[in-house]
Amino acid sequence: AACALSRVLRHEACLTAMDQHFSGGMHILVSLLYKPDPELQTALCGVVANCACRDHMLQVLTEEGVLQALASLTSTTNNNLRTTLALAVSRCCSTETSRFYF
């Protein structure tokens, strides 16, 4: 489901339509990052990376604690997760406050 959602989020028309309705799901997305499943975490990091391109979604993700969740994954040795995690972190740290925290 996270992979499918990530693909949807790449399309600007879909993003605009979903922007207002997607905020409620961010809490679930962030909480799932703590599940000990590297495949799930990788897919979710992809979703976070795509969501973080939108200022409104990045703000909601930040309020839900995405930076702490991503920070908890930085010690992983899974190369697929590390790659996707790096993209998610770089996009989430587009604001000065986020960069300072991370």
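For clarity, every value in this text was computed on a predicted model and none was experimentally measured.

Novice: Could you give an account of the side chain of S98, naming the residues involved and the relevant values?
Specialist: Relative to the elements of secondary structure, S98 occurs in helix α8 (residues 96–101). With residues near it in sequence (within four places) discarded, S98 still touches T62, L67, C92 and C93.

Novice: Any details on the packing of helix α4 (residues 38–51) against helix α7 (residues 79–92)? Residues and values, ideally.
Specialist: For the pair α4 and α7, the least separation of the axes is 8 Å and the interaxial angle reads 25°. What the angle tells us is that α4 and α7 run roughly parallel. In this structure, α4 meets α7 at a crossing whose hand is left-handed. Together, Q41, T42, C45, G46, V48, A49 and N50 of α4 and N80, L81, T84, L85, L87, A88, R91 and C92 of α7 make up the contact between the two elements. Of the residues that constitute the contact of α4 with α7, the class distribution is 8 nonpolar, 6 polar and 1 charged.

Calculation notes
Residues numbered from 1 in each chain as written. Predicted model: local features only at pLDDT ≥ 70, side-chain atom pairs only at ≥ 80, totals over all residues. Heavy atoms only, no water. Helix = DSSP H or I, 4+ residues; strand = E, 2+ residues; numbered from the N terminus. Contact = heavy atoms within 4.5 Å. Axes fitted to C-alpha atoms, helices over the stretch in contact; angles between N-to-C directions. Parallel < 35°, antiparallel > 145°, perpendicular 65-115°, else oblique. Left-handed = near helix turned anticlockwise from the far one by under 90°. Nonpolar A, V, L, I, M, F, W, Y, C, P; charged D, E, K, R; others polar.

Geometric values such as these leave the question of function open.
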